[in-house]
Amino acid sequence: MSKLQEVNAAVAAGKTKAIAGLVQEALDGGHSAQEILDTMIEAMGVVGDKFSSGEIFVPEMLIAGKAMQKGVEVLKPQLASESSTSLGKCIIGTVAGDLHDIGKNLVALMIESAGFEMVDLGVDVPKEKFIETIKANPDANIVALSALLTTTMPAMRDTVKAIRDSGLTGFKIIVGGAPITQEFADEIGADAYARDAGGAAVKVKELVS
Ligand code: B12
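Residues numbered from 1 in each chain as written. Predicted model: local features only at pLDDT ≥ 70, side-chain atom pairs only at ≥ 80, totals over all residues. Heavy atoms only, no water.

Visitor: Please provide a residue-by-residue account of unusual backbone geometry, values included.
Guide: Phi is positive for Asp-124, which is not a glycine, with a value near 55 degrees. What makes Asp-124 partly exposed here is its relative accessible area of 38%. (Buried < 20%, exposed > 50% of the residue type's maximum accessible area, 1.4 Å probe, protein only.)

Set out below in structure tokens:
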């Protein structure tokens, strides 16, 4: 089994103790941080499919998520190249009712390394909290919303609407997450959509330029 396959298998099996060492070994063996991240994301896809088919349950999904987070910790220095320029401030959070944060954290990391100061509100963030935070940070020029469940897409829609209805201006809204599409982003009035963390960093730079 190659090192990348070992990393993949360790995430899928939720090996939270072994994962950091395996990721480090993969890096030392010459694999890029992006390659290692890609194989971990692929493993999470398999975990999701097994959950859908009833082969595994929430605890297994949770432990795989923990393993992935520990693996990402090791990759952070490689993924986030220090940026000396300041492009502004980004407020990020996972919308109300949604507890998924692995993807959101990756997006935050990539946007931060693109040169933005980050205000991370965490998960299950009510729309009122986004508005309150935008008011408290008048220098914020990006608001980023994440949703991983089809059932929380309406909360994303409500959040964008509430932010627009608040009359606050001076920032752009970017949305993303597995069930989100460009079409949905357009429909709910977001300014931008990106499919993954790398794309999010590119998009936010475009939005403020
Ligand atoms: C790990 C996991 C969990 C963990 C979350 C742990 C954590 N700290 O995040 C736990 C166990 C808590 C969990 C719970 C549940 N989950 Co879950 N989970 C997953 C799983 C396996 C992996 C998610 C993940 O981390 N992927 C890896 C990251 C890197 O990818 P990502 O999140 O998609 O993020 C990338 C992009 O989407 C994008 N992105 C993300 N956010 C943003 C934001 C912006 C602004 C932008 C631009 C881009 C962007 O960039 C990211 C990086 O490239 C997925 C399956 C899957 N394939 O996604 C199911 C999945 C999302 N879960 C699912 C379900 C059903 C649930 C539960 C309802 C299960 C239950 N019965 O309780 C609960 C809901 C809890 C809640 N209220 O939120 C379903 C959703 C189905 C649907 N269509 O709605 C999935 C798809 C599994 C499945 N196939 O059925 N889950």
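Visitor: Give me the nonpolar core: which residues, what numbers.
Guide: Ranked by internal contacts, the top residues of the largest apolar core, which has 40 residues, are Ile-36, Met-40 and Leu-75. Leu-75 has contacts with Val-23, Leu-27, Ala-33, Ile-36, Leu-37 and Met-40, leaving out every residue within four places of it along the chain. Grouped together as the second largest cluster of nonpolar side chains are 26 residues, Val-119, Ile-134, Phe-184 and Ala-190 included. (Core = buried A, V, L, I, M, F, W, Y, C linked by side-chain atoms within 4.5 Å. Contact = heavy atoms within 4.5 Å.)

Visitor: Give me the lowdown on helix α5 (residues 102-113), citing residues and values where you can.
Guide: Side chains that are three or four residues apart share a direction in an α-helix, a result of its 3.6 residues per turn. Between the first and last C-alpha of α5 there are 17 Å, a value that for twelve residues agrees with the 16 Å anticipated at 1.5 Å per step. Within the span of α5, buried status applies to Lys-104, Leu-106, Val-107, Ala-108, Leu-109, Met-110, Ile-111 and Ser-113. For α5, the secondary structure elements touched by its buried residues are α3 (33-52), α4 (58-79), β1 (88-94), β2 (116-120), β3 (140-146) and α9 (197-208). Backbone geometry just downstream of α5 places Gly-115 in the positive-phi region, at approximately 120 degrees. (Helix = DSSP H or I, 4+ residues; strand = E, 2+ residues; numbered from the N terminus. Expected span 1.5 Å × (residues − 1).)

Visitor: Tell me about the pattern of salt bridges, and name the residues and values.
Guide: Summed over all chains, the structure comprises eleven salt bridges. Taking the shortest distance from any N to any O, the salt bridge between Glu-117 and Lys-89 comes out at 4.0 Å. Of the two residues, Glu-117 sits in strand β2 while Lys-89 sits in strand β1, which places them 28 residues apart along the sequence. Exposure remark for Glu-117: the relative accessible area of 48% places this residue in the partly exposed category. According to the relative accessible area criterion, Lys-89 is buried, its value standing at 9%. Residue Glu-132 pairs with Lys-129 through a salt bridge whose shortest N-O separation is 3.6 Å. With a gap of three residues between them, Glu-132 and Lys-129 both fall in helix α6 (residues 127-136), about one helical turn apart. A single salt-bridge network, built from bridges that share partners, covers Lys-3, Glu-6 and Glu-25. (Salt bridge = Lys/Arg side-chain N within 4 Å of Asp/Glu carboxyl O.)

Visitor: An account of the packing of helix α1 (residues 3-12) against helix α2 (residues 19-28) is needed here, citing residue identities and associated values.
Guide: Closest axis-to-axis distance for the α1/α2 pair is 9 Å, and the angle between their directions is 160 degrees. Our classification of the angle between α1 and α2 gives roughly antiparallel. Crossing angle aside, the handedness with which α1 passes α2 is left-handed. Note on element contacts: α2 touches α1 through Ile-19, Leu-22, Val-23, Glu-25 and Ala-26, opposite Lys-3, Glu-6, Val-7, Ala-10 and Val-11. (Axes fitted to C-alpha atoms, helices over the stretch in contact; angles between N-to-C directions. Parallel < 35°, antiparallel > 145°, perpendicular 65-115°, else oblique. Left-handed = near helix turned anticlockwise from the far one by under 90°.)

Visitor: Describe the side chain of Thr-39, listing the residues and the values that go with them.
Guide: Position of Thr-39 relative to the elements: it lies in helix α3. Note on Thr-39: relative accessible area 10%, which makes it buried. Once you skip the residues sitting within four places of it in the chain, Thr-39 turns out to touch Leu-4, Val-7 and Asn-8.

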